[in-house]
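Geometric and topological summary
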Amino acid sequence: MGLMLCNSLVGAMDILLLFFLQAKLPQCGMPKWWLGFALLFMELGGIVGSKCILKVPRMKYRGVFATALLLVLTGVVAEHSSAVWAMTLGGFIAAVGDDALQVRTNAILQDMFPSEQRATLTSVESFTFSVIMIVLSPLAGFFFTYW
């Protein structure tokens, strides 16, 4: 359960960051016609993270979690810079961390449960993500709006 909570926490923080960046980038001066390219670039960070985690198979989960959390928090700090290039790069970096952790978590969980229980596993993962989003969404709204 701890793996799912860690993964859901980082994932929710990344998703909320990308939601707020989608709204905030045009407000900070990014031309609207560039927004699609910026969002694509940020999402490509997930592909990079998914590939990078495969390069460090012996890295312990705590290290992967700490690194992913640090990358997402770096993205949050970059969002507060008001420089559209830094905000976009921060979204990319956050996606790297989130997807790297997602791949490692899924690999561990798939090995822990027999195939008959994987549908239940997916449901529990979805539930933990939803609960964390319910808590973090209003907090993120306050944080990104007033700070």
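Scroll up to find the structure this text is about.
All values derive from a computational prediction rather than experimental measurement. (Residues numbered from 1 in each chain as written. Predicted model: local features only at pLDDT ≥ 70, side-chain atom pairs only at ≥ 80, totals over all residues. Heavy atoms only, no water.)

**Section: the overall build of the chain**
Each helix and strand counted, the chain has five helices and zero strands in total. Sequence-ordered secondary structure for the chain, helices as α and strands as β, is α-α-α-α-α. Computed over the C-alpha atoms, the radius of gyration of the chain is 16 Å, within 12% of the 15 Å expected from 2.2 N^0.38 for a compact globule of 147 residues. On the principal axes, the C-alpha backbone points of the chain span a range of 50 × 35 × 25 Å. In the chain, which comprises 147 residues, the share counted as buried stands at 38%. Long-range contacts, defined as pairs at least 24 residues apart, comprise 82% of the intrachain contacts of the chain with a sequence gap of at least 6. Surface exposure of the chain reaches about 8,400 Å², of which carbon and sulfur atoms provide 72%. Charge centroids of the chain, computed over 9 positive and 8 negative side chains, lie 9 Å from each other. (Helix = DSSP H or I, 4+ residues; strand = E, 2+ residues; numbered from the N terminus. Rg over C-alpha atoms; globule rule 2.2 N^0.38 Å. Buried < 20%, exposed > 50% of the residue type's maximum accessible area, 1.4 Å probe, protein only. Contact = heavy atoms within 4.5 Å. Areas by Shrake-Rupley, 256 points an atom, 1.4 Å probe, with all protein chains shown as cover. Lys, Arg positive; Asp, Glu negative; His and termini not counted. Charge placed at Lys NZ, Arg CZ, Asp CG, Glu CD.)

**Section: the pattern of salt bridges**
A complete count under the given rule lists one salt bridge for this structure. Between E79 and K24 there is a salt bridge; the shortest N-O distance is 2.9 Å. Separated by 55 residues along the polypeptide, E79 in helix α3 (residues 61-79) and K24 in helix α1 (residues 2-27) bring together distant segments of the chain. (Salt bridge = Lys/Arg side-chain N within 4 Å of Asp/Glu carboxyl O.)

**Re the packing of α1 against helix α2 (residues 32-52)**
Two numbers describe how α1 lies on α2: the axes approach to 10 Å, and their chain directions differ by 155°. The angle between α1 and α2 places the two elements in the roughly antiparallel class. Between α1 and α2 the crossing geometry is right-handed. Contacts from L18, L21, Q22, L25 and P26 in α1 reach K32, L35, A38, L39, M42 and E43 in α2. Looking at the contact of α1 with α2, its residues break down into eight nonpolar, one polar and two charged. (Axes fitted to C-alpha atoms, helices over the stretch in contact; angles between N-to-C directions. Parallel < 35°, antiparallel > 145°, perpendicular 65-115°, else oblique. Left-handed = near helix turned anticlockwise from the far one by under 90°. Nonpolar A, V, L, I, M, F, W, Y, C, P; charged D, E, K, R; others polar.)

These values are about where atoms sit, not about what they do.
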